[in-house]
Amino acid sequence: MKKNASDISIGLVSVSDRAYEGSYPDLGIPALKDWLASALTSPYWVETRLIPDDREQIQKTLHELVDEDRCSLILTTGGTGPARRDQTPDATLAVGTREMPGIAERMRQISLHFVPTAILSRQVAVICERPDHAALILNLPGRPAAIRQTLEGVRDKNGTIIEPGIFTAIPYCIDLIGGPYIETNEAVCKAWRPQKETS
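Residues numbered from 1 in each chain as written. Predicted model: local features only at pLDDT ≥ 70, side-chain atom pairs only at ≥ 80, totals over all residues. Heavy atoms only, no water.

Trainee: What should I look at first to understand the overall build of the protein chain in this one?
Mentor: Broken down by element type, the protein chain carries seven helices and eight strands. For the protein chain, whose C-alpha radius of gyration is 16 Å, the value lies close to the compact-globule estimate of 16 Å for 199 residues. Dimensions of the protein chain, computed from C-alpha atoms along their principal axes, come out at roughly 55 × 45 × 35 Å. When burial is assessed residue by residue, the protein chain has 48% of its 199 residues classed as buried. In the protein chain, the share of contacts with a sequence separation of at least 24, taken over all contacts with a separation of at least 6, comes to 68%. Summed over all atoms, the accessible surface of the protein chain reaches about 10,300 Å², with 51% contributed by carbon and sulfur. Taking the average place of the 22 positive charges on the side chains of the protein chain and the average place of its 26 negative ones, the gap between the two points comes to 3 Å. (Helix = DSSP H or I, 4+ residues; strand = E, 2+ residues; numbered from the N terminus. Rg over C-alpha atoms; globule rule 2.2 N^0.38 Å. Buried < 20%, exposed > 50% of the residue type's maximum accessible area, 1.4 Å probe, protein only. Contact = heavy atoms within 4.5 Å. Areas by Shrake-Rupley, 256 points an atom, 1.4 Å probe, with all protein chains shown as cover. Lys, Arg positive; Asp, Glu negative; His and termini not counted. Charge placed at Lys NZ, Arg CZ, Asp CG, Glu CD.)

Okay, here's the thing in structure tokens:
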């Protein structure tokens, strides 16, 4: 299948010393792939990286995904806590040109519905800008369930979303930074865009 200019490239980065060393299987990238497959209806391509908790390696990987792979959206998983080896937010801030604090705040709000330790998360969201290209970079949790909850939102016992997840606003953000148009499966995540005014 040939990639078209209108297809979005999405970088998926799992940051884990133990998964990188083979001590246990990586669960982050499979969880991200599964969620994207259920949520996106427009064509997309993924670039995956499994790397250790090393700040320089994380920064290098993010730069490569922006500059070489031309990703418009990069989702990281893992390494966002207060432990000394958790370096993902620090590396993400180093490569970003503008911070998107509202997204990070929303991630923690959603996670607090499920775990009180969400307040310990240092997740950030940034835009990384180049003269002819930009990418939105988001730090997601490490657990597969938390990844889905953060992206998708909070559902009631009947499965109805009662608080939207962060991905509701992501397609519009990609529009604003000049990236490809993203459409979603509304049963999983309804993308929000402002209605066009009619004269």
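Trainee: Looking at this structure, I do not really get unusual backbone geometry. What am I missing?
Mentor: Leave glycine aside and you will find that most residues have negative phi; peptide bonds, for their part, are mostly trans. Unusually for a residue other than glycine, Arg70 sits at a positive phi of about 55°. For Arg70, the location among the structural elements is in the loop between helix H3 (55-67) and strand E3 (73-77). Take Arg70: its relative accessible area is 37%, and that puts it in the partly exposed class.

Trainee: Honestly, the sheet that holds strand E2 (residues 44-51) in this entry has me stumped. Any pointers?
Mentor: To summarise the sheet geometry, strands pair through backbone hydrogen bonds and adopt either a parallel or an antiparallel arrangement. An order of E2-E1-E3-E6-E5-E4 is seen for the six strands of this open sheet, with the pairing classed as mixed. Only two strands of the sheet have a single partner each, and these edge strands are E2 and strand E4 (98-99). Taken strand by strand, helix H2 (residues 28-39) contacts strand E1 (8-15), E2, E3 and strand E6 (133-140), and its axis lies near 165° from that of E2. Strands E4, strand E5 (125-130) and E6 of the sheet are contacted by helix H5 (residues 101-111), whose axis makes an angle of about 25° with E6. (Pairing = 2+ DSSP bridges. Axes fitted to C-alpha atoms, helices over the stretch in contact; angles between N-to-C directions.)

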